[in-house]
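A look at the structure
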Amino acid sequence: MRVIFVSCAFLIALAPLLVPAEGQSLRSLPVFEVDHSWPKVPAQWKMGDPSSVAIDAEDHVWVLQRPRTLKPEQAAMAAPPVMVFDTAGNYIKAWGGAGKGYEWPEREHGIHIDYKGFVWIGGNSCPTNGLPGLKPVNDDQLLKFTQDGRFVMQIGHSNQSKGNADTENLHRPADASVYPPTNELFVADGYGNHRVAVFDADTGMFKRMWGAFGNKPLDDDHCEIVTPATFSDPGPPQFSIVHAIRVAKDGTVYVADREYRRVQMFTKEGKFLKQLVHTSEPFARDLTLSTDPGQQFLYVGGGKGIYIVDRKTLEIVGNIQPEGIIGPGHEIAADSKGNLYVMQTTAGLQKLTFKGMSPAAH
């Protein structure tokens, strides 16, 4: 990998977050800058709130956005909820929305492209959210499509959840990740439930579930987002909003427990391993893995940017805050070149271009 040297000012800015342990060297970290030209949305369309993003095998960037969040005067120009761009920001295609044979979510939330190329989409609407133009139902389903938008399978049904013990339905799922070696779908379930739920990615058959620390997940269902007044480490024994999930190549599962400001780490069977709690500011808004061969970093949205976390130790080693960053993101993803894509709902979306690794300090 080509090393791009950065200014002393950059390293000085990082220094408070990069204090090495005694006798150790400060490690080399990824450096990014904002690409202000990305993406190029066709002129006839307007995008609503960008909610989630996924990358396919060709490094195409799949954006899930919420057309129904547009103002009434812009509704006629609403783009389809699924929009695809290349890494340069050029528009490729778009599709999505209501159709026969499936229940499209009322409030689009998460998108994932699995290793077979299938597209998974979920939502987080609830009956009492008071948002205009939405049916008063819970999004208790997860949909599977081909990349051309052909419906393949639905797990769960709209407004049918019976709580965390339900093996047939989800309850406002936030995110998903398929693990290729076992062909298992790991779901961050999510806003209504407070669990990780695992299914066979081909049949949709339920396989297992777990809550925070590997505990049995308990019901605590409410439409409003409840943020604690104070925070602690290790924090409550149950998840708050299970907002994002990623499974590393080695089978380690990472979960963003958003309102409790922590990331929890599990085996793929659901055994709790360790956690990172960052109580001083909003944290664990989202997360994704770096795409280097060893997946050495976990990127975690928090504060005004994105934290760089050592994936194995769960130690914060840096912070990504290039000039012009729109925030920590609602959901984030990385392509094979190391670029990051940030979906920030009401603030928009952007690409953070990977510029190389900073030199290690000694």
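What comes next concerns the included structure. (Residues numbered from 1 in each chain as written. Predicted model: local features only at pLDDT ≥ 70, side-chain atom pairs only at ≥ 80, totals over all residues. Heavy atoms only, no water.)

Focus on the sheet that holds strand 4 (residues 82-85)
So the rule is basically this: Strands are treated as partners if at least two bridges between them are detected by DSSP. Runs of E in the DSSP output that reach at least two residues are strands. Runs of H or I that reach at least four are helices, and both are numbered from the N terminus. For every element, the axis is a line fit to its C-alpha atoms; helices are fit only across the contacting stretch, and the angle between N-to-C directions ranges from 0 to 180 degrees.
With antiparallel pairing, 4 strands are arranged side by side in an open sheet as 2-3-4-5. Each edge of the open sheet is held by one strand with a lone partner, namely strand 2 (49-55) and strand 5 (91-95). If you compare each strand with its neighbour and ignore which way they point, the axes differ by 20° on average. Pairing of strand 4 with strand 5 involves 4 bridges; the strand directions are antiparallel. Following the sheet pairing, valine 84 is matched in strand 5 by lysine 93.

Notes on the sheet that holds strand 19 (residues 297-302)
One open sheet accounts for 4 strands, arranged 18-19-20-21; its pairing is antiparallel. Pairing within the sheet leaves two strands with one partner each, and these edge strands are strand 18 (283-289) and strand 21 (316-320). Each strand of the sheet is rotated relative to its neighbour by a mean of 30°, with strand direction disregarded. Looking at chain direction, strand 18 and strand 19 are connected through 4 bridges and run antiparallel. Bridge pairing in strand 19 places leucine 287 opposite valine 300.

Details of the pattern of salt bridges
The cut-off we apply is this: A pair is scored as a salt bridge if a Lys or Arg side-chain nitrogen falls within 4 Å of a carboxyl oxygen belonging to Asp or Glu. Only protein chains enter the calculation, and the probe is 1.4 Å; a residue is then buried if its accessible area is under 20% of its type maximum, exposed if over 50%, and partly exposed in between.
Under the defined criterion, the tally for this structure stands at 15 salt bridges. Residue aspartate 175 is joined to arginine 246 by a salt bridge in which the shortest nitrogen-to-oxygen separation is 2.7 Å. Of this pair, aspartate 175 sits in strand 10 (residues 175-179) while arginine 246 sits in strand 14 (residues 242-247), and the two are 71 residues apart along the sequence. For aspartate 175, a relative accessible area of 4% gives the class buried.

Let's talk about unusual backbone geometry
Residues tryptophan 38 and proline 39 are joined by a peptide bond in cis, for which omega reads -10°. As for its placement among the helices and strands, proline 39 is situated in the loop between strand 1 (30-35) and strand 2. Look at the link from aspartate 189 to glycine 190: it is a cis peptide, with omega at -20°. The residue glycine 190 is located in the loop between strand 11 (184-189) and strand 12 (195-200) in this model.

A look at the pairing of strand 23 (residues 340-343)
Where a strand is regular, its side chains alternate between the two sheet faces. Here strand 23 shows a buried face lined by Leu340 and Val342 and a second buried face lined by Tyr341 and Met343. With 4 bridges connecting them, strand 22 (residues 331-334) and strand 23 associate as antiparallel partners. For alanine 334, the partnering residue across the bridge sits in strand 23 and is leucine 340. Between strand 22 and strand 23, which pair antiparallel in sequence order, lie 5 residues; one of them, glycine 338, sits at a positive phi of approximately 95°. With 4 bridges joining them, strand 23 and strand 24 (residues 349-357) adopt antiparallel strand pairing. In the strand pairing of strand 24, valine 342 is matched with glutamine 350.

What about the side chain of aspartate 257?
Where we set the bar: Here a polar contact means two N or O atoms within 3.5 Å. Within protein one must be a hydrogen donor candidate and the other an acceptor candidate, and residues neighboring in sequence count only if both atoms are side-chain atoms. By definition in these notes, contact holds between two residues if any of their heavy atoms fall within 4.5 Å.
Mapped onto the secondary structure, aspartate 257 falls in strand 15 (residues 253-257). In terms of polar contacts, aspartate 257 uses its side chain to reach the side chain of serine 240, at 2.7 Å. Setting aside chain neighbours within four positions, we find aspartate 257 in contact with Gln238, Phe239, Ser240, Ile241, Arg262 and Ala284.

Nothing here speaks to function; it is geometry throughout.
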